[in-house]
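What follows is each chain in one-letter form.
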Amino acid sequence: MDVTYLRAANDYAITDTIPFEAASTVITSARKLLRAVGTTAWNERGDIGGNYARQGDAVLRRARMDHTQEGSFIIPILVPLSHTQETPGECSQTADLELFQAAPEPFERRVTRTLAQSLMAVKEIIVEPESSPSVGDLHAVVARGVSREFCSALAKILTEPSVSEFETSFEWASSVPAPETIPDSVSIESDASDKIEEAAEKLKKHRIDSTSTFSGNIVELRHVGDDPFGFATISTVRRGRRSEIRVRLPYEAYQEAVIWHRARRVVIVDGEVNHGTGRRLVVDNPVGFRPIDEILLPIS
């Protein structure tokens, strides 16, 4: 099981106990956070509007809450991973072919990872800059799984009078390789609630199109001979379906992708998806291809 630890902290109001109303807010809003990322892990969108993905709701139904931990207010949320046949990464190299392969990421892991990267995106793109988030900023966070509903639920926790800081930490199931560059914990202080609520309003007002952007783990890398291009295949979800999309990369970018694959870094791709030979989904000329943990503000 992947485990997310939710911690509501306040040096004065929360010690060994917590006000009942505050506890209720944290648990109710935590459910909304998990439900929101269960949908955006399946199909990124800025405003869910009640159209939650049944695949994400299925993960929510299987999730468990462990007993609270003593001190502050810490509740562990357990997400069981579906049974997958363990497939170690494979590498084969000959004079003419270089090939790396790995197993796809279970959807339940994708949900918890989306929760982690969404919190990181909110903190680094919405909260930390002095200025209010622009529409370009919102495109960047939606591509990482943030939605209006996610922002509203997070702001609800932060506006609770007894909560001065909300922290999440993650413990990844050992049966599936952990996303090594996702942070172990993310904390956001209560005074960030106004900016997050403002972002929620903008996500409701502006339609954010993320159809040309997708993310996932690299399941195959292939390079033949002296070809100036290599190919990276990304396991992702596209239009409500599990998909593998092959991305053509200049050799220098392909070499970087090999390093990211070995480090188990999830990547985010921006580019037009087309049907190639045998109806394979391909991106021939990606506009962007980089690790999703590199939170970079879009250039305006």
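Our structure's up above, just so we're on the same page.
Sequence order as written defines the numbering, with residues in each chain counted from 1. A pLDDT threshold of at least 70 governs which residues receive local features in this predicted model, and a stricter bar of 80 or more applies before side-chain atom pairs are shown or counted, although totals over entire chains, interfaces and linings include all residues. Each side-chain value is worked out from all heavy atoms of the structure, with water and hydrogens disregarded.

Below, the discussion takes up the overall build of the protein. Regarding its fold elements, the protein presents 7 helices and 14 strands. Exposed residues in this analysis have more than 50% of their type's maximum accessible area, buried residues have under 20%, and partly exposed residues fall in between, with area computed by a 1.4 Å probe over protein chains only. Within the protein, the proportion of its 300 residues that are buried is 51%. Surface exposure of the protein reaches about 14,800 Å², of which carbon and sulfur atoms provide 46%. The numbering of helices and of strands both runs from the N terminus, where a helix is a DSSP run of H or I of at least 4 residues and a strand a run of E of at least 2. Residue-level accessible areas treat just the shown protein chains as cover; the underlying method is Shrake-Rupley with a 1.4 Å probe.

The next point concerns unusual backbone geometry. You will see that Arg-264, though not glycine, has its phi angle at about 55°, which is positive. For Arg-264, a relative accessible area of 37% puts it in the partly exposed group.

A separate point is empty space enclosed by the protein. Regions of empty space are outlined by a rolling probe, equal in size to a water molecule, passed over the atoms. In this analysis the probe radius is 1.4 Å and the grid spacing 1 Å, with only protein atoms considered; a cavity is a set of points the probe fits into but cannot get out of, a pocket is an open set with protein on both sides within 12 Å along at least five of seven lines, and lining residues have an atom within 4 Å of a point. Grid points are joined across faces, edges and corners, and a volume is the space filled by probe spheres set on the points. Considering all chains together, one arrives at 1 cavity of 30 Å³ or more under this definition. Roughly 30 Å³ of internal volume is contained in the largest cavity. Polarity classes work like this: nonpolar for Ala, Val, Leu, Ile, Met, Phe, Trp, Tyr, Cys and Pro, charged for Asp, Glu, Lys and Arg, and polar for all others, with Gly in that last group. Looking at the lining of the largest cavity residue by residue, the class counts come to 2 nonpolar, 5 polar and 3 charged.

Turning our attention to a negative patch on the surface. Patch building starts from residues that exceed 30% relative accessible area and form no salt bridge, then joins like charges within 9 Å and nonpolar side chains (Val, Leu, Ile, Met, Phe, Trp, Tyr) within 5 Å. By definition here, a salt bridge exists when the distance from a side-chain nitrogen of Lys or Arg to a carboxyl oxygen of Asp or Glu is within 4 Å. None of His or the chain ends enter the tally, which takes Lys and Arg as positive and Asp and Glu as negative. Throughout, a charge is located at the NZ atom of Lys, the CZ atom of Arg, the CG atom of Asp or the CD atom of Glu. A cluster of like negative charges, contributed by Glu-189, Asp-191, Asp-194, Glu-197 and Glu-201, occupies part of the molecular surface. The leading source of residues in the negative patch is helix α6 (residues 193-205), at 3 residues. Take Glu-201: it is sitting in helix α6.

Turning next to the pairing of strand β11 (residues 267-270). Strand direction decides the pairing type here: strand β8 (residues 213-224) and β11, joined by 4 bridges, are antiparallel. Residue pairing in the sheet places Phe-214 in a bridge with Val-269 of β11. We treat two strands as partners when DSSP finds at least two bridges between them. Direction of pairing for β11 relative to strand β14 (residues 288-291): antiparallel, over a ladder of 4 bridges. Within the sheet, the bridge partner assigned to Val-269 lies in β14 and is Phe-289.

Right, let's get into the sheet that holds strand β2 (residues 64-65). One open sheet holds the 5 strands; their spatial order is β2-β3-β1-β6-β7, and the pairing between them is antiparallel. Where the open sheet ends on each side, the last strands, each with one partner, are β2 and β7 (185-189). Where strand β6 (residues 165-171) and β7 come together, 5 bridges link them in antiparallel fashion. The partner of Thr-168 across the bridge, within β7, is Val-186. Contacts are assigned to residue pairs with any non-hydrogen atoms lying within 4.5 Å of each other. Comment: axis = line fitted to C-alpha atoms, over the contacting stretch for helices; angle = value between 0 and 180 degrees taken between N-to-C directions. Across the sheet, helix α1 (residues 20-40) lies against β1 (2-9), β2, β3 (74-79) and β6, angled at about 30° from β3, the strand it touches most. Together, β1, β3, β6 and β7 form the strand contacts of helix α3 (residues 107-127), whose direction differs from that of β7 by roughly 40°.

In terms of nonpolar packing, the biggest core is built from 59 residues, with Leu-33, Val-122, Val-146, Phe-150, Leu-154, Ile-188 and Ile-196 touching the most fellow members. Of all the elements, α3 adds the most residues to this core, at 11 residues. Excluding anything up to four places from it in sequence, Leu-154 contacts Leu-33, Leu-119, Val-122, Phe-166, Ile-188 and Ile-196. Nonpolar cores are built from buried Ala, Val, Leu, Ile, Met, Phe, Trp, Tyr and Cys residues. Side-chain atoms within 4.5 Å join them into one set. Counting 19 residues, the second largest nonpolar core, distinct from the first, contains Leu-249, Val-267, Val-273 and Val-283.

Below, the discussion takes up the packing of aromatic side chains. The pairing test for Phe, Tyr and Trp rings, Trp by its six-membered ring, is centres within 6.5 Å, and the orientation test on the planes gives stacked under 30 degrees, edge-to-face over 60, and tilted for anything in between. This model, assessed by the stated rule, comprises 4 aromatic pairs. Measuring from ring centre to ring centre gives 5.7 Å for Phe-170 and Trp-172, while their planes differ by 10°; the resulting arrangement is stacked. For the residue pair Phe-170 and Trp-172, the accessibility class agrees, reading buried in each case. Taken together, a centroid distance of 5.8 Å and an interplanar angle of 25° make the contact between Trp-260 and Phe-289 stacked. Remark: Phe-289 occurs in strand β14 and Trp-260 occurs in helix α7 (residues 251-262); sequence separation between them is 29 residues. Residue classification places Trp-260 among the buried residues on the basis of a relative accessible area of 10%. On the basis of relative accessibility, which here comes to 14%, the residue Phe-289 falls in the buried class.

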